[in-house]
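# Observations on the three-dimensional arrangement
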Amino acid sequence: GQPGREDLSALEGMAVDVVEVCEEPAPDWLELASGSSAWQHRRRGARMVHLGLLQKHEVYEELPLPAGVKPLSVRWVDVDGYQVAKSRLTARGYEQALTGNEHFYSATPLSGVLRTLLVVAKMLDLSVAVGDCAQAFLQAPLRETEAVWVSPPPEAAAAPGTAWKLRKTLPGLKGGPSAWGNHAKDMMQNLYGLVPSAYDSCVQSCPKTKVWTLRHMDDYLLIGPQKELEALTASMAETMLLREVQF
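Rules used throughout
Residues numbered from 1 in each chain as written. Predicted model: local features only at pLDDT ≥ 70, side-chain atom pairs only at ≥ 80, totals over all residues. Heavy atoms only, no water. Helix = DSSP H or I, 4+ residues; strand = E, 2+ residues; numbered from the N terminus. Buried < 20%, exposed > 50% of the residue type's maximum accessible area, 1.4 Å probe, protein only. Contact = heavy atoms within 4.5 Å. pLDDT = per-residue confidence, 0-100. Core = buried A, V, L, I, M, F, W, Y, C linked by side-chain atoms within 4.5 Å. Pairing = 2+ DSSP bridges. Axes fitted to C-alpha atoms, helices over the stretch in contact; angles between N-to-C directions. Polar contact = N/O pair within 3.5 Å; in protein donor to acceptor, adjacent residues only side chain to side chain. Phe/Tyr/Trp six-rings, centres within 6.5 Å; stacked < 30°, edge-to-face > 60°.

### What about the overall build of the protein?
A tally of helices and strands in the protein yields 7 helices and 11 strands. Taken across its 247 residues, the protein has 35% of its residues classed as buried. Intrachain contacts of the protein at a sequence separation of at least 6 include 68% that bridge at least 24 residues.

### Side note on the confidence of the model for the protein
Of all residues in the protein, 82% have pLDDT values of 70 or greater, and the mean over the chain is 85. Ranking the elements of the protein by mean pLDDT puts helix α2 (residues 29-34) last, at 52, and strand β10 (residues 219-224) first, at 96.

### Regarding the nonpolar core
Formed by 21 residues in total, the largest nonpolar core has its most connected members in Trp 180, Tyr 220, Met 236 and Met 240. Within the residue set of this core, elements represented by two or more residues are β4 (127-133), α5 (136-139), α6 (176-192), β10 and α7 (226-239). No other element matches α6, which puts 6 residues into this core. Among all residues touching Met 240, those that are not within four sequence positions of it are Cys 133, Ala 134, Gln 139, Trp 180, Ala 184, Met 187, Met 188 and Tyr 220. Counting 17 residues, the second largest nonpolar core, distinct from the first, contains Tyr 60, Leu 72, Val 148 and Val 150.

### What to know about the pairing of β10
Within β10, 5 of the 6 residues are buried, leaving the element largely enclosed by the surrounding structure. Pairing geometry for β4 and β10, over 6 bridges, is antiparallel. Across the sheet, the residue bridging to Asp 132 is Asp 219, located in β10. Strand direction decides the pairing type here: strand β9 (residues 211-216) and β10, joined by 5 bridges, are antiparallel. Bridge pairing links Trp 212 to Ile 223 in β10.

### Quick word on the sheet that holds strand β1 (residues 60-64)
Ordered in space as β1-β6-β5, the 3 strands form an open sheet in which the pairing is antiparallel. Of all the strands in the sheet, the pair left with one neighbour each is β1 and β5 (149-150). As defined by bridge partners, β1 adjoins strand β6 (residues 162-166) across 5 bridges and the pair is classed as antiparallel. Opposite Leu 63, over in β6, you have Ala 163 as the bridge partner.

### Observations concerning the sheet that holds β9
Sheets are built from strands that pair by backbone hydrogen bonding, the pairs being arranged parallel or antiparallel. Spatial ordering of the open sheet is given by β7-β8-β9-β10-β4-β11, a layout of 6 strands whose pairing is antiparallel. This sheet does not close on itself; its edge strands, each paired only once, are β7 (195-196) and β11 (242-246). Packed on one face of the sheet, α7 meets β4, β9, β10 and β11 and runs near 150 degrees to β10.

### As for the environment of Thr 233
With respect to the secondary-structure elements, Thr 233 resides in helix α7. Residues Thr 233 and Ala 129, spaced 104 residues apart in sequence, show a C-alpha to C-alpha distance of 8.5 Å. Beyond its immediate sequence surroundings of up to four residues, Thr 233 is in contact with Leu 222, Leu 242, Val 245 and Phe 247. Within the structure, the side chain of Thr 233 is placed 3.2 Å from the backbone oxygen of Glu 230, a separation counted as a polar contact.

### A few points about unusual backbone geometry
We note that Asp 125 has phi near 55 degrees; this positive angle belongs to a residue other than glycine. Structurally, Asp 125 can be placed in the loop between α4 (113-123) and β4. Positioned with a positive phi, Ala 157 is a non-glycine residue whose angle comes to about 50 degrees. Within the element layout of this structure, Ala 157 appears in the loop between β5 and β6.

### Focus on the side chain of Ser 73
Here Ser 73 is to be found in the loop between β1 and β2 (74-80). In this structure the side chain of Ser 73 is engaged in a polar contact, spanning 2.7 Å, whose partner is the side chain of Glu 95.

### Section: the packing of aromatic side chains
Working definition: an aromatic ring pair is given by the centre-to-centre distance plus the angle between the planes. Summed over all chains, the structure comprises 1 aromatic pair. When the ring of Tyr 60 is compared with that of Trp 164, the centres are 3.8 Å apart and the planes differ by 10 degrees; the resulting orientation is stacked. Taken as a pair, Tyr 60 in strand β1 and Trp 164 in strand β6 lie far apart in primary sequence, 104 residues in all. Among the residues examined, Tyr 60 registers a relative accessible area of 16% and is labelled buried. A residue is classified by how much of its surface remains accessible, and Trp 164, at 0% relative accessible area, is buried.

Dropping the structure here:
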């Protein structure tokens, strides 16, 4: 038979309940996971590892903060892979005072250079290798004209009244990309005789060894004779922390 008024009222009430449930916000699973003791333990371990890298690269020196100096604040960027966590200390570069004469950006290769180098490698029967440099910013000396001070994170247990005077860059600093680009270019030229191209400074070459390199931030493409590349990449692994090299 036909449903009565009582039945229709009950169905309408059920529909309202369903709509209210569907409109509830989805839980933030990352926020829930970050509150677990296991995640907190992994995160602290990852942060201490990164602090060890800062000391290894001599990124800073801890000194009494000069009067009138306001250090940049820092923040941790934490990533949990559920088996291993990674942490990186970054500076809030937007707090840096500007004079208008700064050069912030690292050069990037021209669009056709990669294709040209691969064609050269094919025509001359040269080997090709790729890899990237670990902890790139931490390797690069600061090039700012004025000292850069940052507040140490609580995990560093710095003495009261002290701050970090940076010797090298931190991710987030405005001059970080430029400092790394200049450092990488100088290292390749001074250690391996690879001269920057007048056409594209991201390309460096050595006529004697017939080696060309192309850098895009911390990623490298290298072409040349197999033995020359094997020796070069092995040395770069020590001097520039080149890793995950593939031929």
